[in-house]
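# What the coordinates show
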Amino acid sequence: MYVHVPFCERVCPYCDFAVIAARPLTRELEDRFVAGLLVELERRAPAFDGRRLASLYFGGGTPSLLHPESVERVVEAVHRAFPASPEAAVEITLEVNPSTLERSRLPDFRSAGVARVSVGVQSFQDPVLKRLGRAHGAAEAHRTLAACRDAGFPSLSLDLIYAAPGQSAGDLERDLAEVTSFAPEHVSAYELSVEAGTPFALARERGQLELPAEDVALAMARNLEERLAAAGIQRYEISSYARPGCEAVHNTRYWRRRPVLGIGPSAVSTDPPVSDQTPFGSRRRNLPAVVPWLEGIESGSAAEASPPEVFDAATARGEAVFLALRELRGLDAGRFAGEFGAPPRQFFAAEIDELRADGLVDEDADGSLRLTRPGRQLADTVFVRFV
Ligand code: SF4
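Overview of the structure. On a predicted model such as this, the values are computed, not experimentally measured, just so you know.

With that out of the way, let us pick up the site of the ligand. Around the ligand, a shell composed of C8, R10, V11, C12, Y14, C15, F17, V19, G61, N97 and R134 is seen. Counted by class, the shell around the ligand contains seven nonpolar, two polar and two charged residues.

As paired strands, strand β9 (residues 234-237) and strand β10 (residues 240-242) are joined by three bridges and run antiparallel to one another. Following the sheet pairing, Q234 is matched in β10 by A242.

Another aspect to go through is the packing of aromatic side chains. Following the criterion strictly, the structure yields 11 aromatic pairs and no others. Ring centres of Y236 and W255 lie 6.0 Å apart, and the angle between their planes is 65°; this geometry places the pair in the edge-to-face category. Residue Y236 is found in strand β9, and its partner W255 is found in helix α9 (residues 249-255); the two are separated by 19 residues along the sequence. Comparing Y236 with W255, the two get one shared label, buried.

The subject of this paragraph is helix α6 (residues 169-182). For α6, built from 14 residues, the straight-helix expectation of 20 Å at 1.5 Å per residue is met to within 8% by its first-to-last C-alpha distance of 20 Å. Those residues of α6 not exposed but buried are D171, L172, D175, L176, V179 and F182. Axial view of α6: buried residues confined to an arc of 135°, hence all on one face. Its buried side turned inward, α6 meets β6 (116-122), α4 (126-131), α5 (138-150), β7 (155-162), β8 (186-191) and α8 (214-230). A183, located one to two residues past α6, shows a positive phi value of around 50°.

The next subject is the sheet that holds strand β12 (residues 268-271). Read across the sheet, three strands follow the order β12-β13-β14 without closing on themselves; strand pairing throughout is antiparallel. Only two strands of the sheet have a single neighbouring strand rather than two, namely β12 and β14 (309-310). As judged from the two bridges shared by strand β13 (residues 282-285) and β14, these two strands associate in the antiparallel manner. Directly across from R283, in β14, lies its bridge partner E309.

The sheet built from nine strands is open, its strands ordered β9-β10-β8-β7-β6-β5-β4-β1-β11 with mixed pairing. A single partner strand is all that each edge strand has here, and the edge strands are β9 and β11 (262-263). On top of the sheet, helix α2 (residues 68-81) reaches β1 (2-5), β4 (55-60) and β5 (91-96); it is set at about 145° to β4, its chief contact. Across the sheet, α5 touches β5, β6 and β7, and the angle it forms with β6 is around 170°.

Helix-helix packing is characterised by the crossing angle of the two axes and by the distance between the axes. Two elements in contact, helix α1 (residues 27-44) and α2, have axes separated by 10 Å at closest approach and are oriented at 5°. In this view, α1 runs roughly parallel relative to α2, as classed from their interaxial angle. Contact with α1, carried on its side by R27, E30, V34, L37, L38 and L41, involves E69, S70, R73, V74, A77, V78 and A81 of α2 and no other residues of that element. When the residues that make up the contact of α1 with α2 are grouped by side-chain class, the tally is eight nonpolar, one polar and four charged.

Rules behind the numbers
Residues numbered from 1 in each chain as written. Predicted model: local features only at pLDDT ≥ 70, side-chain atom pairs only at ≥ 80, totals over all residues. Heavy atoms only, no water. Near = heavy atom within 4 Å. Nonpolar A, V, L, I, M, F, W, Y, C, P; charged D, E, K, R; others polar. Pairing = 2+ DSSP bridges. Helix = DSSP H or I, 4+ residues; strand = E, 2+ residues; numbered from the N terminus. Phe/Tyr/Trp six-rings, centres within 6.5 Å; stacked < 30°, edge-to-face > 60°. Buried < 20%, exposed > 50% of the residue type's maximum accessible area, 1.4 Å probe, protein only. Expected span 1.5 Å × (residues − 1). Arc of directions from axis to C-beta. Contact = heavy atoms within 4.5 Å. Axes fitted to C-alpha atoms, helices over the stretch in contact; angles between N-to-C directions. Parallel < 35°, antiparallel > 145°, perpendicular 65-115°, else oblique.

Laid out in structure tokens, this is it:
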């Protein structure tokens, strides 16, 4: 399950998520928002009837702006709606921002059932953080990470951004030294992407955004992978690195096209297949803005942005390929054939041949596919071939 919490202290100039600046988040709005989540859960749970809970992810936005008792109410309601999987402990993750976190609340988040915190550090260099428009500094990031360990969270994930404005290779090098000194179980590292409609996009149009050159960004990505691997944190997906056994259960569900129920504004659900009607499942997107979503929930009218997108076989095949290629283990031809009746080459021979010729994809004798190292650096170019 995914729970979207759309509130942030302030909106970062590169952010294109569905968020609003809400500081302080009033108790009245928080209670109304949580009540909306519980209503939506009750309304949508029947579509996932009989399924077991594998993971619960509070993302945003800044979920750590919520009070621990609000998080606990949602956790309890989710547990009531879906029994836990007998195979593994349920992974419950909360995204945390150093600037907004009242560190005294961390033990209560832990008591509410949160076992994994994902901390939006982004960088340990104050000038880089400032240029990113982040509300926190390096000292706050240090204190937050230490407090997360003190509160006893067994799993700590840390978000990094590289190729940020004005960031040098040396800045990233220093960040990586800090990261490894904290020994997190998991790291998510994203190259800064400038999304249309954000203040960064406007600044770039005006020539006011100085980003590292492409070759510098590529060298940063290589350094990141090598430095983290040397610290025992292995890359397992385009942007994700983990110690063995600490890979994110929740994110993995998206790459493997497993059903995910998303609640809250802008949340996306991947509904499970329903016999003949939606044999490949369907996707639903909630209204992005808080108030229309809340009003839709409270009035019993639509909280979704559009009718459900029902996957046809061709769309499902394309998604199966490019989502599986995100993981380093790649696409298993046997599993693909089990779902679609034939291995990937049957449907994508021209694409596979061209990508192999360009050295971006490896193909095994049984038709299984994997990105090469250059393919990982040009992943979007590869993925678009299967859309
Ligand atoms: S803290 Fe994260 S979600 Fe909030 S505005 Fe900044 S980038 Fe967006």
